[in-house]
Structures are given as structure tokens and as C-alpha cells.
Amino acid sequence: MQSFIKVENLTKSYGGLKAIEEITLEIRKGEILSLVGDNGAGKSTFVKTLAGAQLPDSGHIEIDGEAVRLESPKKAEFYGIGCLHQGLGLIDTLNVPENVFLGRELQKKVLGIFPQLDYQKMRTETRDLLNQFSIKLPKLNDAVVNLSGGQRQTIAISRLLLQKVKLVIMDEPMAALGVEEGSKVLNLIEKMRSESVSVLIISHNLEHVFKLSDRIAVMKNGKLIKVLEAQNTSREEIVKLITFGLS
Amino acid sequence: MSDSLIGNADRKWLFQGLGLTIVVIILAILFSLINPKFATITNLLNVLTQASYYIILAVGMTFVIAAAGIDLSVGSLLALITVVSFELIKNGLDPILGVLLMFLMGGTLGAFTGYLISYINIPPFIATLGIMVSLRGLALVHSAGKMHYGLPESLTWIGQGDIIGIPVPVLISLIFTLFGAWLFNKTKFGLHARSVGGNREAARLAGVNVNLVEILVYSFMGLSVALGGLIMITRIDSTQATIGTSMEIHVIAAVIIGGTSLFGGKGTVYGTLMGAILLSMMTNALVIAGVDYFWQLFIMGIIVLIAVTINNIRDKRFLFNSKP
């Protein structure tokens, strides 16, 4: 698999505390890479630097071979990196197409002059997008507050897919979902891989991690201690690395 | 009302808009039975004419409240821009320029309010309370308590004329309501205003320029005040620094009765129209019944409290129904 993003020697400190230290990692095109580690291992800090939410103190990032500076979420989005926030970033009072297209609305001209939202097109494209990923929602015109956690999750993912992202960062994507809804989100993630979208997942659920991942990256105390092919490792080895590190 | 006009945002609230329409019709029948004077065409047109400037301001306020804001300064803004323009027109300024000046002042002062709220982070209630007092003070300083009257006929036609028997203020307010409904439901501006009210941070993360949206929302409110003020002063052919006192209560009440959530994020311009008509109808019925003005104020206050309570109950139910 080709490389999409390469980070080298990424370091970030908060005051005297090194949140991440000398992280070097490659994310390949169309792979699912899981990032595991205890609380405080540095996972969130690392993904924040990739999502443009904060700049590293040192190190550098390359996307498709080009050195980049991800100084804002907008910049990260420009390079095809989308982030699925834990709160999902949806607006409860808006309906599905409004949420999916918010910030990049489709418009048409009325009387050849006045720009107006093209709801019909936004609904059709939302429906197509959802169909493409086998997502079924009863009514697109419902406010999203009336939808289940899994449905909300899929809408948030759909919004990222609409942006034609090349890498989706997901922080605990199955948290607070039931078994059935969780499995739908898992299917959606696998579908993204088949569309050559790379996925970086932070998860504490090793069952999901093993079910989905091509590779698993283990972090401890701000350092990336090992990256393993999921096929060539075991749950016991990962737990051991998370708990005791390389020692 | 056609589906295209109500739009996607209002579809969910259609029933409420229709429900309010039924309430308005039932009350109109009830008032007519109690006092036949109420049911005359002349009186009903009078109710709509009286409602016209409240409707216009309430349409602007729908955007403000849907964006999770509030504007207490509308009455004072109306006073300031009307006394300044009126005096300039009386002193020889071209009436068209005078009217344009009203809109310029309304839009600019509204944008300034939006700036204080979005960039300086002053809570809307406090920012507009401060502006309300300041602008009223400026209006009093400017006019020194004088009453201004005697506009040119070309302007008084706006407030007093009619087209095929329908008062011009009624026509203007209805056209403005249609425009407001379109803006609210069908444009990027309306969607962004609702998104800022629904979840400001999520809107920002989605790429909405939330500060600009807030400035534009308050600026639109200022423009609505200018239009409402124009109709008001041309109707009574006079203005003074105390004009529009307590107007904000009436306007906010119309919006809340109409079903716009005080928590922001959702609302309906059609509901606002019905809310404003309902309030004007009740005021008219109380006047016809000979109820004292001070009792009218008391009743108006009680109506506002009831409307807010209903609004809160509905929104809490809304939240209880939500799933994580």
C-alpha cells in the first residue's frame, strides 16, 4: 500500500510535560490503523496535531510526499484530513441534509439572481451518499436530535465523506453505541477502506480494533512503542504492550 | 401556505403554525360575538395595520432569537433613527435620502450590536440592554423632548395610503414576511443563523463564519427596525424620543408565541406573523372593551410569561425525546 501521510519525530509539550515524543509513523492509503494505549499515552495529542487542532513543537509531516504545516482544522481539511469529534459536531435542530452540507451548501439561483439553497439536490446527494455506504435513515427531513446514536454517527461520517477526505480520524467511534448500531458503524468503516479512504481510529475496545485494523500502533507515556500488523499479533501481546511497554 | 414557502426548517413546525392560525380565528370569532364592532372590515384592517410594524420587527427578531440571541434595543433604535431622519427631512433633506439614512443607521447600529456580541463576547441580553439605554438617551438628547410632525405627502402615503382598499402598511408587512420566510428557510443566511443558534461551536467547526453571521443577524434586525419605524412614523405623521418604548416586549412576545425557541436553532416566520396578529388583535379587543391601558400592559406581561412557559415546556419535552 502507498503511503498517504508520514510523520517524523513529532514532539509536543505542555509546559514541562512531554505529551508526545519523537513520534514517527506512516499511514497508508486505504488502511485502517488503530491507535491504542492507556489514558495519558498521548493518543489524543497526536491526532490533534494531524487534525490541525494544534501545532507540534518539532518534527514534520508529509502528505503525499509534500511537507505540510497543519495549522488549523481548515488546513487539515484542505489536505483531505477529516476528524470525527466525540460530540460528533452535529446540530440537533437541523435536519440530515442541512447537517451533512453545513458549511458547503449547494445553491441555485432564483430568477437568475438570488442564491437559494438547493434542498432537492442536497437531499438527493445525501440519499446517494447514504445509499453508497448502505446507510438507511427513515426520514431525511427529521431534526437529527430525533435520531439514534448510530444514525447520528453515520451522518457525521457521511459529512466527512462528502468532503472527499482521504484520511478520517475517529475518536472512539463505537462508544455509547448498541451492538447493532456499533456493527453498522464497523461496516461503514470497512466500506470506507474499500473506497481507499484511510482511517485512523482511537479505541479502547480491542475486539473492534482486531476486527477492523490492518495495523495497530501502541502508545505509552507519549511514545510510539510499536506498530504491528494485526494479523501477526494477538490481543495478549497488545495488552502487554499497553500495560508494560517494551520491557 | 405552500410547501416551498414553509421550507424544510419550518416543516416540522407547520402544525404549530396552523394551530396558532386556528387560535387566531377562534379568538376573532369570540371577540366578534362579544362585541360586534370587532368584526367590521374597517376594524380588522385596522388591526392588521396596527400589527404591521410589529410584524416587521418580529420577523427580524425571529432571526435574532433563532440565532440564540435577543435584542432589547429595538424600541430605542426605532426612536433614535426616526427622530434624526424626521428632523433632517423637516430641515430640507430629500425624503428619499432621509429614508435611506434610516436604513443605513438601522443596519449599521444593528451590526455594531452584533459586533459587541460576537467579537467582544458580551451576552446579548446585556449588550442590547446597554444599547437600549444609550440609544434612548441619544434620542432624548437629540430631540430635547420635542415632538416632530409634518412629513411630506410622498412619505405619509407609506403609512396612510392604500392599494385597492388594502392599507399600504399591511401590504408591506406581508411582503416583508414572505421575504423573511424565504430568507429564513431557503437561504444560506437563514440556515447559518439557525445553525449558530443550534450549536455555535459545531457551526464553527463546520466552517460557518459564526461571528459574521451574528453581525448580519443583528444588522438585519436593525434594517427591520428601520422599515417598521418608517411605517410607524408615516402612519402617525410624527415621532418623538419616547416612541417605541416597551416595543421590544411586544415584538419578543410575538416571536415566542409564534413558536421560535428561546434556546435558538429553530423557529418559524409564519408563526411569528400569527403571533404578532394575535397580540394586536387582543390589544384591539381590549381597547374596544374599554380596558384601561395599564391593565392592557399587565395582560400583555402575563401573555409573555405564559408564552415563555409554554416555550420552555415544549423545548424540555423536545430534549426528553432526544436520544443520545
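Residues numbered from 1 in each chain as written. Chains lettered and ligands numbered in written order. Predicted model: local features only at pLDDT ≥ 70, side-chain atom pairs only at ≥ 80, totals over all residues. Heavy atoms only, no water.

**Some thoughts on the overall build of chain B**
How we decide: Secondary structure counts use DSSP, requiring at least four H or I residues in a row for a helix and at least two E residues in a row for a strand, with both numbered from the N terminus. The globule rule is 2.2 Å times the number of residues to the power 0.38, and the radius of gyration it is compared with is taken over C-alpha atoms. When accessible area is computed with a 1.4 Å probe and restricted to protein chains, residues below 20% of their type maximum are described as buried, those above 50% as exposed, and intermediate ones as partly exposed. To be clear on the numbers: accessible area is Shrake-Rupley with a 1.4 Å probe, and residue cover counts the displayed protein chains and nothing else.
Helix and strand counts for chain B stand at 14 helices and four strands. The globule rule puts the C-alpha radius of gyration for 324 residues at 20 Å, and the 19 Å found for chain B is close to it. For chain B, the spread of C-alpha atoms along the three principal axes comes to 60 × 50 × 35 Å. Within chain B, the proportion of its 324 residues that are buried is 56%. Within the structure as shown, chain B displays about 13900 Å² of accessible surface, and the carbon and sulfur contribution to it stands at 72%.

**Section: the pairing of strand 2 (residues 17-28) of chain A**
Every regular strand shows the same layout, with side chains that alternate between the two sheet faces. Residue and element names in this part refer to chain A. To keep it simple, the criterion reads: When DSSP locates at least two bridges between a pair of strands, those strands are taken to pair.
Both strand 1 (residues 3-14) and strand 2 contribute to a ladder of eight bridges, which runs antiparallel. Residue pairing in the sheet places K6 in a bridge with E26 of strand 2. Here strand 1 folds back onto strand 2, and the loop between the two strands holds two residues, one of which, G15, carries a positive phi near 65°.

**Thoughts on the nonpolar core**
Stated precisely, the cut-off is as follows: By convention a nonpolar core is built from buried Ala, Val, Leu, Ile, Met, Phe, Trp, Tyr and Cys residues, the set being connected through side-chain atoms within 4.5 Å. Any pair of residues with heavy atoms lying within 4.5 Å of one another is described as a contacting pair.
Grouped together as the largest cluster of nonpolar side chains are 134 residues, with contacts concentrated most on M170, I189 and M192 of chain A together with M61, V217 and M281 of chain B. Among the elements that line this core, the one with the most residues is helix 3 (residues 41-66) of chain B, at 14 residues. Not counting the four nearest positions on each side in its chain, V217 of chain B is found in contact with F63, V64, A67, F189 and A193 of chain B. One finds L10, I23, I61 and A76 of chain A within the second-largest nonpolar core, a separate group that totals 28 residues.

**Let's talk about the interface of chain A and chain B**
As a reminder, the rule being used: Accessible area that two parts lose when put together, evaluated with a 1.4 Å probe and summed over both, is termed the buried area. By definition, a salt bridge exists where a carboxyl oxygen of Asp or Glu is found within 4 Å of a side-chain nitrogen of Lys or Arg. Side-chain atoms alone can form a polar contact between residues adjacent in sequence; in general such a contact is a pair of N or O atoms within 3.5 Å, and within protein one must be able to donate a hydrogen while the other accepts it.
Contacts between chain A and chain B engage 28 residues on the former and 28 residues on the latter. Taken together, both faces of the contact between chain A and chain B bury some 2300 Å²; the carbon and sulfur share is 59%. The interface formed by chain A and chain B includes one salt bridge. Between E98 of chain A and R194 of chain B there is a salt bridge, with its nearest N and O atoms 3.4 Å apart. At the junction of chain A and chain B, the tally comes to five residue pairs in polar contact (both at pLDDT 80 or more). Elements that contribute at least two residues to the side of chain A that touches chain B include exactly strand 8 (114-117), helix 4 (119-132) and helix 5 (149-162) of chain A. Ranked by the residues each element gives to the side of chain A that touches chain B, the list is headed by strand 8 of chain A, at four residues.

**A closer look at the sheet that holds strand 5 (residues 66-68) of chain A**
Residue and element names in this part refer to chain A. What counts here: Here the axes come from fitting lines to C-alpha atoms, over the contacting stretch only for helices, and the angles between their N-to-C directions go from 0 to 180 degrees.
With respect to topology, four strands assemble into an open sheet ordered 2-1-4-5, the strand pairing being antiparallel. For this open sheet the edge positions go to strand 2 and strand 5, each flanked by a neighbour on one side alone. Averaged over all pairs of adjacent strands, the angle between strand axes in this sheet comes to 25°, irrespective of strand direction. Relative to strand 5, strand 4 (residues 58-63) runs antiparallel, the two being bridged by three bridges. In the sheet register, E62 faces strand 5, and the bridge partner there is A67.

**Focus on the packing of helix 5 (residues 95-118) of chain B against helix 6 (residues 124-143) of chain B**
Packed helices, taken two at a time, are described by the angle between their axes plus the distance between the axes. Residues and elements named next belong to chain B. How we decide: Crossings are assigned a handedness: left-handed for a near helix turned anticlockwise from the far helix by less than a right angle, right-handed for a clockwise turn. Classification used: nonpolar for Ala, Val, Leu, Ile, Met, Phe, Trp, Tyr, Cys and Pro, charged for Asp, Glu, Lys and Arg, polar for all others including Gly.
The contact between helix 5 and helix 6 brings their axes to 9 Å, and the two run at 140°. Crossing of helix 5 against helix 6: the hand is right-handed. The segment helix 5 lies against helix 6, with L109, F112, T113, L116 and I117 engaging P124, A127, T128, I131 and L135. Partitioning the contact of helix 5 with helix 6 into residue classes produces eight nonpolar, two polar and no charged.

**Concerning the pattern of salt bridges**
What the rule picks out here adds up to 14 salt bridges over all chains. For K18 of chain A, the salt bridge identified is with E21 of chain A, shortest N-O distance 3.9 Å. For K18 of chain A, a relative accessible area of 45% gives the class partly exposed. Between R200 of chain B and E214 of chain B there is a salt bridge, and its shortest N-O distance comes to 2.9 Å. On the criterion of sequence distance, the pair formed by R200 of chain B in helix 10 (residues 200-205) and E214 of chain B in helix 11 (residues 210-236) is long-range, its members being 14 residues apart. A relative accessible area of 32% means that R200 of chain B is categorised as partly exposed.

**Topic: the packing of helix 3 of chain B against helix 12 (residues 247-257) of chain B**
Residue and element names in this part refer to chain B. Filter applied, for reference: Roughly parallel means an angle under 35 degrees; roughly antiparallel means over 145; roughly perpendicular covers 65 to 115; every other angle is labelled oblique.
Their axes nearest at 8 Å, the elements helix 3 and helix 12 cross at an angle of 65°. Relative to helix 12, the element helix 3 is oriented roughly perpendicular. The element helix 3 and its partner helix 12 pack so that their crossing is right-handed. Together, Y53, Y54, L57, A58, M61, T62 and I65 of helix 3 and M247, H250, V251, I252, A254 and V255 of helix 12 make up the contact between the two elements. Class assignment for the residues of the contact of helix 3 with helix 12 results in 11 nonpolar, two polar and no charged.

Nothing here speaks to function; it is geometry throughout.
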